Amino acid sequence: MLKRFYRARSGVAALEFALILPLVLLGFVGANEISSAVQVSQKVSQTASTVADLVAQASTISNADETNIFAAANAIIFPYSSSGQSIVISSIVDNGGGMGRVVWSDANLGEARAVGSTLPLPAGVITTGGSVILAEVHYSYTPAPAYVTNGAILIKSQFFSRPRRVANIPRV
């Protein structure tokens, strides 16, 4: 009886296909989700650099300016939802001790930094007595097959930009 099963070839291709198909589908879905996560990460980095650059080009920042900057940031993240994106813009001055002091900070769907608080800065980012704009973007990315991960993946980016027109950009 075993010899008969060994010689029988009908259905072998269907059986192999049935065994391989789940692995192929898993690979396809995994590659698709990895490419989406990489694209979101690039969009988050682009958003942070664009926001910092837009603020650094201004002489002053008003509520209307910030509304426009946040709208531009939401357009960059498209086609992904902007509801998972939080943006914090801060103006930081040198405190003379190698640290930065927050002069003003505003946020969109996040928490602004406390005015007067200090934070460490990477070497060379700020000159003595100078200022810098810090844009921080956090994005909560949830993959389509959420059963693969334990919820959302937090993607973060920060970007520093020096003011171009004035030494310190005031918030009006």
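## Quick word on unusual backbone geometry
Cis rather than trans, the peptide bond between Phe78 and Pro79 has omega equal to 15 degrees. Structurally, Pro79 is set in the loop between helix H3 (63-77) and strand S1 (85-94). Phi angles above zero are rare outside glycine, and Leu109 is one such case at about 60 degrees. Relative to the elements of secondary structure, Leu109 occurs in the loop between strand S2 (99-108) and strand S3 (118-120). The exposure class of Leu109 is exposed, given its relative accessible area of 57%.

## Points about the pattern of salt bridges
Following the criterion strictly, the structure yields 4 salt bridges and no others. In this structure, Arg113 engages Glu136 in a salt bridge whose closest nitrogen and oxygen atoms are separated by 2.7 Å. One end of the pair, Arg113, is in the loop between S2 and S3; the other, Glu136, is in strand S4 (residues 131-141), and 23 residues separate them in sequence. With relative accessibility at 28%, the residue Arg113 sits in the partly exposed group. For Glu136, a relative accessible area of 10% translates into the label buried. The network of salt bridges with common partners includes Glu66, Asp106 and Arg171.

## So, the sheet that holds S2
Taking strand neighbours across the sheet as the criterion, the 5 strands line up as S3-S2-S1-S4-S5 in an open arrangement whose pairing is antiparallel. In this open sheet, the two strands that pair with only one neighbour each are S3 and strand S5 (153-161). Averaged over all pairs of adjacent strands, the angle between strand axes in this sheet comes to 35 degrees, irrespective of strand direction. Across the sheet, H3 lies against S1, S2 and S4, angled at about 130 degrees from S1, the strand it touches most.

## A closer look at the pairing of S1
Where a strand is regular, its side chains alternate between the two sheet faces. Counting buried positions along S1 gives 10 out of 10 residues, so the element sits mostly inside the fold. Burial of S1 is two-sided: the residues Gln85, Ile87, Ile89, Ser91 and Val93 facing one way and the residues Ser86, Val88, Ser90, Ile92 and Asp94 facing the other way are all buried. Bridge count for S1 against S4 is 9 bridges, and the pairing is antiparallel. When the bridges of S4 are listed, Ser91 appears paired with Ile133. Judged from the 8 bridges that link them, S1 and S2 form a sheet pairing that is antiparallel. In the strand pairing of S2, Ser91 is matched with Trp104. Following S1, the chain reverses through 4 residues before pairing antiparallel with S2; Gly96 in that reversal takes a positive phi of roughly 85 degrees.

## Details of the pairing of S2
Two elements, S2 and S3, share 3 bridges in a ladder whose sense is antiparallel. The residue bridging Arg101 from the neighbouring strand is Thr118, located in S3.

## Side note on a nonpolar patch on the surface
A surface patch of nonpolar side chains, about 520 Å² in accessible area, is lined by Leu15, Leu19, Ile20, Leu23 and Val24. Looking at the secondary structure, you find Leu19 in helix H2 (residues 12-56). We classify Leu19 as exposed; its relative accessible area is 58%.

Thresholds, definitions, all that
Residues numbered from 1 in each chain as written. Predicted model: local features only at pLDDT ≥ 70, side-chain atom pairs only at ≥ 80, totals over all residues. Heavy atoms only, no water. Helix = DSSP H or I, 4+ residues; strand = E, 2+ residues; numbered from the N terminus. Buried < 20%, exposed > 50% of the residue type's maximum accessible area, 1.4 Å probe, protein only. Salt bridge = Lys/Arg side-chain N within 4 Å of Asp/Glu carboxyl O. Pairing = 2+ DSSP bridges. Axes fitted to C-alpha atoms, helices over the stretch in contact; angles between N-to-C directions. Contact = heavy atoms within 4.5 Å. Patch = residues over 30% accessible without salt bridge, like charges linked within 9 Å, V, L, I, M, F, W, Y side chains within 5 Å. Areas by Shrake-Rupley, 256 points an atom, 1.4 Å probe, with all protein chains shown as cover.

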